[in-house]
Amino acid sequence: MGLKLEEIKSLIKEAIPDAEISIQDLVGDDNHYSATIKSKVFIGKSKIEQHKLVYKALRGKMGNELHALSLNTMES
Amino acid sequence: MDENAKKKINHELEKNEVCLFMKGTPEVPQCGFSLAVANILKHLEVSFKGINVLEDSQIRDGIKAYSDWPTIPQLYIKSEFIGGCDIVKEMFEKGELQAKLKEKEIKFQSKNK
């Protein structure tokens, strides 16, 4: 279980190419992360829609392989 | 999604103005994220129904399809999906959650006067 930090980053980058991603593995178990993501795609969207875009980028891994990813999305 | 799960979820949302789908109970949360949201609601003295998804796998899977949101907890106010832990925390810190409660005419106690 779990997902490597680089894998998360590349999945997000693939779906949101202009994303500026800062991500931390909170406990070093590949399963609890905290990420701040900045992108133009978030402009004009609600927080729910912004987080859904990130979850979509992770292709169903969120809540399955990946237990916890705390998100902070920002418009750039 | 499963019709039976949908029925159960709709029933809870109709019966309770503020619903928190969570892991564990408001008294004994079993996940840090569920704990955090329950604590915010308690801090605001909002009366809410905690629905323990660990006790009902139909609801556990169903609620994710219902809102198209992959994680638990999930907060609903008058049937509107408000968000998960990160969003609720951020809204609370910015005073947006309090504004939402006001807009929805839900009683709460604001401690920052």
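Scoring rules and cut-offs
- Residues numbered from 1 in each chain as written.
- Chains lettered and ligands numbered in written order.
- Predicted model: local features only at pLDDT ≥ 70, side-chain atom pairs only at ≥ 80, totals over all residues.
- Core = buried A, V, L, I, M, F, W, Y, C linked by C-beta atoms within 7 Å.
- Buried ≥ 20, exposed ≤ 12 C-beta atoms within 10 Å, placed from the backbone.
- Helix = DSSP H or I, 4+ residues; strand = E, 2+ residues; numbered from the N terminus.
- Contact = placed C-beta atoms within 7 Å.
- Pairing = 2+ DSSP bridges.
- Axes fitted to C-alpha atoms, helices over the stretch in contact; angles between N-to-C directions.
- Arc of directions from axis to C-beta.
- Parallel < 35°, antiparallel > 145°, perpendicular 65-115°, else oblique.
- Nonpolar A, V, L, I, M, F, W, Y, C, P; charged D, E, K, R; others polar.

S.K.: Hey, could you run me through the nonpolar core in this one?
M.R.: For soluble globular proteins, nonpolar side chains are generally found buried alongside one another. Among the nonpolar cores identified, the biggest contains 27 residues, and Cys19, Leu20, Phe21, Met22, Val37 and Val88 of chain B are the most heavily contacted of them. At the level of secondary structure, the elements contributing two or more residues to this core comprise helix H1 (3-15), strand S1 (18-22), helix H2 (32-43), helix H3 (57-67), strand S3 (74-77), helix H4 (85-94) and helix H5 (96-103) of chain B. Examining the composition of this core, we find that 5 residues originate from one element, S1 of chain B, more than from any other. Among residues more than four places away in sequence, those in contact with methionine 22 of chain B are Pro29, Ser34, Val37, Ala38, Gly50, Ile51, Asn52, Val53, Ile72 and Pro73 of chain B. Formed by 14 residues, the second largest nonpolar core is a distinct cluster that contains Ile8, Ile12, Ala19 and Ala35 of chain A.

S.K.: Where do I start with the sheet that holds strand S1 (residues 20-25) of chain A in this structure?
M.R.: Residues and elements named next belong to chain A. One open sheet accounts for 3 strands, arranged S1-S2-S3; its pairing is mixed. Where the open sheet ends on each side, the last strands, each with one partner, are S1 and strand S3 (68-75). Strand-to-strand twist of the sheet, defined as the mean angle between neighbouring strand axes without regard to direction, takes the value 10°. Of the strands in this sheet, S1 and strand S2 (32-39) are in contact with helix H1 (residues 5-15), which crosses S1 at around 155°.

S.K.: Can you help me understand H3 of chain B in this one?
M.R.: At 3.6 residues per turn, the α-helix brings residues three or four places apart onto the same side. All names here are of chain B. Within H3, burial applies to Ile59, Gly62 and Ile63. Seen along its axis, H3 keeps its buried residues to an arc of 105°; they face one direction. Close packing links the buried residues of H3 with H1, S1, strand S2 (49-52) and S3. At the C-terminal side of H3, aspartate 68 shows a positive phi close to 55°.

S.K.: I'm lost on the packing of H1 of chain B against H3 of chain B in this one. Help?
M.R.: Packed helices, taken two at a time, are described by the angle their axes make and the gap between the axes. Residues and elements named next belong to chain B. In the contact formed by H1 and H3, the axes pass within 9 Å of each other and the chain directions differ by 85°. The angle between H1 and H3 falls in the class roughly perpendicular. Residues Asn4, Ala5, Lys6, Lys8 and Ile9 of H1 lie in contact with H3, whose contacting residues are Gln58, Ile59, Asp61, Gly62, Ile63 and Tyr66. For the contact of H1 with H3, a count of residues per class yields 5 nonpolar, 3 polar and 3 charged.

S.K.: Whenever I open this one, the interface of chain A and chain B confuses me. Can you help?
M.R.: Each partner contributes to the interface: chain A provides 10 residues, whereas chain B provides 9 residues. Among the secondary structure elements, those contributing two or more residues to the side of chain A that touches chain B are helix H2 (47-57) and S3 of chain A. Per-element accounting of the side of chain A that touches chain B gives the leading share, 5 residues, to H2 of chain A. Tallied by class, the residues present in the side of chain A that touches chain B amount to 4 nonpolar, 4 polar and 2 charged.

S.K.: Mind showing me how you'd approach unusual backbone geometry here?
M.R.: Keep in mind that most residues, glycine aside, have a negative phi and that most peptide bonds are trans. Of note, the amide linkage connecting isoleucine 72 of chain B to proline 73 of chain B takes the cis form, showing an omega dihedral of 10°. Counting through the fold element by element, proline 73 of chain B comes out in the loop between H3 and S3. Although it is not a glycine, aspartate 30 of chain A sits at a positive phi angle of roughly 60°. With respect to the element layout, aspartate 30 of chain A can be found in the loop between S1 and S2. Even without glycine at this site, glutamate 105 of chain B takes up a positive phi of about 60°. Note that glutamate 105 of chain B resides in the segment after H5.

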